[in-house]
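# Descriptive analysis of the structure
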Amino acid sequence: MLTETASRTTRTRTTNVGLEMDYSCRRFATERGMKIHRTKMGCLSMSSQQQRTAIADKTLENQSQVQNHSAKEIQAENRDDVPRHPSSDKHHKINFPPASSGKYWEDLDSKKILNIESLLGKSTLEHKLAIFGDIVYQTCLDTFGRKQHQTKYPPQRSRRQLEMDTLHTRKRKLKKQIRAASGEETNGLLVIWRQLKARHSALGRAESARKKRSQKRKNQERFIRDPFQFARQLFQQPKSGTLTVEREELETHLKKTYSDRAREIPLEETTGLVWPAAPGIKFDSKPPSLQEVIAVVNKATGKSAPGPNGVPYLLYKRCPNVLKKLHKLLRSA
């Protein structure tokens with residue numbers, strides 16, 4: 001929705017989800033840019049500033065006129081019962097230590113994570129479940145830091161590939177010289193061109209064999225990592241083609257193929273049908289025990305991507321105290 005007022009030169013654009021795109025420091029063309037700026041800078045929209053100015057006598061907040069951005073809630077920042085956790089819009093990957101580094105994980109599990117109870121406070125169960133993952137994520141981020149993205153450089157060409165490029169260029173030049181030459185020069189140039197061609201062909205065969213070995217090694221690694229996924233991709237045919245048929249003809253074909261005229265007629269009793277015995281063990285309707293949760297966590301892959309809260313399975317595998325606290329919240333729920 002776009003609202004224009006003659007008395008004001010500032011335009012306020014509100015998206016379909018109610019997010020305002022105008023701020024006191026700058027304007028934004030997209031909703032994503034506005035969210036990133038709001039998360040990093042913590043500034044408020046212009047309409048929020050006007051509302052806060054109108055009810056200044058009912059608040060305990062101070063407005064900063066020196067900074068370009070509006071002041072945050074000082075009272076909320078100094079409160080101890082408000083957990084400090086990152087926004088759920090974007091979670092950066094944490095630079096966790098290797099799984100074999102037991103010292104780091106024991107220190108994290110014994111010293112850093114034990115203060116979860118104090119951070120959770122005496123809030124409701126729903127609030128604890130909502131902020132548990134964010135508290136764990138922020139604690140790990142403060143301890144190990146953010147994982148830096150490695151710059152990916154294009155693969156460098158080998159000496160064989162560079163020599164093949166040089167031979168290809170020389171062959172093209174020799175062809176042009178052969179067309180322009182005459183007499184004995186043509187025969188001499190043809191001899192040189194055949195030598196270059198033989199060398200280029202030998203290098204091409206060696207390069208092709210290298211690529212086959214590399215592809216074979218990659219296929220073996222993929223098969224060992226996940227044989228079912230490898231077999232599925234191996235036999236799955238790519239989808240192609242377009243269905244060009246009339247709708248009436250398609251419905252007639254489906255009706256003829258899958259319909260049953262006797263579907264409304266009840267079936268007769270089947271003689272000799274064996275009924276299973278009544279269950280002898282009562283169904284366990286209790287909440288999942290800690291051992292069952294540990295078994296599920298240990299079964300998961302340690303390299304699995306983290307969920308929306310940014311906490312991977314690896315943390316729960318190496319920090320049993322964190323898993324116990326999570327299990328305690330799950331049982332309470």
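Residues numbered from 1 in each chain as written. Predicted model: local features only at pLDDT ≥ 70, side-chain atom pairs only at ≥ 80, totals over all residues. Heavy atoms only, no water.

## Let's talk about the packing of helix H6 (residues 125–144) against helix H13 (residues 320–332)
- Interaxial distance between H6 and H13 falls to 10 Å at its minimum, and their mutual angle equals 160 degrees. The pairing of H6 with H13 is recorded here as roughly antiparallel in orientation. Crossing handedness for the pair H6 and H13: left-handed. Residues Leu 125, Lys 128, Leu 129, Phe 132 and Val 136 of H6 touch H13, and the partners they reach there are Val 322, Lys 325, Leu 326, Leu 329 and Ser 332.
- A class-by-class count of the residues in the contact of H6 with H13 yields seven nonpolar, one polar and two charged. (Axes fitted to C-alpha atoms, helices over the stretch in contact; angles between N-to-C directions. Helix = DSSP H or I, 4+ residues; strand = E, 2+ residues; numbered from the N terminus. Parallel < 35°, antiparallel > 145°, perpendicular 65-115°, else oblique. Left-handed = near helix turned anticlockwise from the far one by under 90°. Contact = heavy atoms within 4.5 Å. Nonpolar A, V, L, I, M, F, W, Y, C, P; charged D, E, K, R; others polar.)

## Some remarks on the packing of aromatic side chains
- Under the criterion given, the structure shown has four aromatic pairs.
- Taken together, a centroid distance of 5.8 Å and an interplanar angle of 55 degrees make the contact between Phe 96 and Phe 144 tilted. Linking Phe 96 in the loop between helix H3 (74–78) and helix H4 (102–112) with Phe 144 in helix H6, this pair joins segments that are 48 residues apart in sequence.
- Ring plane angle 50 degrees and centroid distance 6.1 Å describe the contact between Trp 105 and Phe 144, whose orientation is recorded as tilted. Here Trp 105, found in helix H4, pairs with Phe 144, found in helix H6; they are 39 residues apart in sequence, far enough to count as distant. Phe 144 matches Trp 105 in its accessibility class, with the two residues each being buried.
- Chaining the aromatic ring pairs together yields one cluster made of Phe 96, Trp 105 and Phe 144. (Phe/Tyr/Trp six-rings, centres within 6.5 Å; stacked < 30°, edge-to-face > 60°. Buried < 20%, exposed > 50% of the residue type's maximum accessible area, 1.4 Å probe, protein only.)

## As for the confidence of the model for the protein
- The pLDDT averaged across the protein works out to 77; a share of 74% of its residues lies at or above 70.
- The model gives residues 1–20 a pLDDT under 50, and that stretch makes 34 contacts with residues more than four places away or in other chains.
- Scored below 50 in pLDDT, residues 46–88 makes 48 contacts in the model with residues more than four places away or belonging to other chains. (pLDDT = per-residue confidence, 0-100.)

## Re the packing of helix H8 (residues 184–225) against helix H9 (residues 227–235)
- Close contact between H8 and H9 brings their axes to 5 Å; oriented N to C, the two are set at 125 degrees. In terms of their interaxial angle, H8 and H9 are classed as oblique. The residues of H9 that touch H8, namely those facing Asn 219, Arg 222, Phe 223, Ile 224 and Arg 225, are Pro 227, Phe 230 and Gln 233.
- Per-class residue counts for the contact of H8 with H9 are four nonpolar, two polar and two charged.

## A word on a nonpolar patch on the surface
- A cluster of nonpolar side chains, Leu 243, Val 245, Leu 250, Leu 254 and Tyr 258, forms an exposed patch at the surface whose accessible area comes to about 510 Å².
- Relative to the elements of secondary structure, Val 245 occurs in the loop between H9 and helix H10 (247–258).
- Take Val 245: its relative accessible area is 32%, and that puts it in the partly exposed class. (Patch = residues over 30% accessible without salt bridge, like charges linked within 9 Å, V, L, I, M, F, W, Y side chains within 5 Å. Areas by Shrake-Rupley, 256 points an atom, 1.4 Å probe, with all protein chains shown as cover. Salt bridge = Lys/Arg side-chain N within 4 Å of Asp/Glu carboxyl O.)

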